[in-house]
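Chain by chain, the residues:
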Amino acid sequence: MSMSTYTKPAYINNATTIDYSYLGNHIEDQLGLGACVPNSLTSHLESMMRMAHQYTGELSRLGPYQDGLIYEQRPGLDSGLVPISGLIVAQETGVGYESTLPYIPSNLPYAPSS
């Protein structure tokens, strides 16, 4: 569908944007890892949790990355993650807290790709 044929749903009330900045997600630095998928996945989950429950914690970005690579049968490789793998892993196993698996690249079993 092209944007020229898109019609906004009535509930948007002719707004040109929807401001979610109040959710307060900070921008994460993936530090040279191929981890953009779990970074965006956990940021989105944190936003959803804040909207629903006023949750203010931080979810692990490294957990879904490592679990996703295992799911894709590529454990120990820093080669990025297919988005659907990150979603499947998050749905099937959940996402832990950052405090349980901190995002410290020097502690990984593989070197960052950059």
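Residues numbered from 1 in each chain as written. Predicted model: local features only at pLDDT ≥ 70, side-chain atom pairs only at ≥ 80, totals over all residues. Heavy atoms only, no water.

Draft legend 1. Spatial organisation of the environment of Asn 39. As for its position among the elements, Asn 39 is in helix 1 (residues 36-53). The sequence separation of Asn 39 and Leu 59 amounts to 20 residues, and the corresponding C-alpha distance is 9.7 Å. Discounting residues that sit within four places of it in the chain, Asn 39 has contacts with Glu 28, Gln 30, Arg 61 and Tyr 103. Polar contacts involving the side chain of Asn 39 include one to the side chain of Arg 61, which spans 3.1 Å. (Helix = DSSP H or I, 4+ residues; strand = E, 2+ residues; numbered from the N terminus. Contact = heavy atoms within 4.5 Å. Polar contact = N/O pair within 3.5 Å; in protein donor to acceptor, adjacent residues only side chain to side chain.)

Draft legend 2. Spatial organisation of the pattern of salt bridges. Following the criterion strictly, the structure yields one salt bridge and no others. Its salt-bridge partner being Arg 74, residue Glu 72 comes within 2.2 Å of it at the nearest N-O pair. (Salt bridge = Lys/Arg side-chain N within 4 Å of Asp/Glu carboxyl O.)

Draft legend 3. Molecular detail of the packing of helix 2 (residues 62-71) against helix 3 (residues 83-93). Between helix 2 and helix 3, the least distance of the axes is 9 Å, while the angle of their chain directions is 105°. For the element pair helix 2 / helix 3, the angle class is roughly perpendicular. Only Ser 85, Ile 88, Val 89 and Thr 93 of helix 3 make contact with helix 2, whose side of the interface consists of Asp 67, Gly 68 and Tyr 71. Here the contact of helix 2 with helix 3 is built from residues that sort into three nonpolar, three polar and one charged. (Axes fitted to C-alpha atoms, helices over the stretch in contact; angles between N-to-C directions. Parallel < 35°, antiparallel > 145°, perpendicular 65-115°, else oblique. Nonpolar A, V, L, I, M, F, W, Y, C, P; charged D, E, K, R; others polar.)

Draft legend 4. Structural detail: the side chain of Thr 42. By the secondary structure assignment, Thr 42 is in helix 1. A distance of 2.9 Å separates a polar atom in the side chain of Thr 42 from the backbone oxygen of Pro 38. Those residues in contact with Thr 42 that sit more than four places away from it in its chain are Leu 59, Ser 60, Arg 61, Pro 64 and Val 95.

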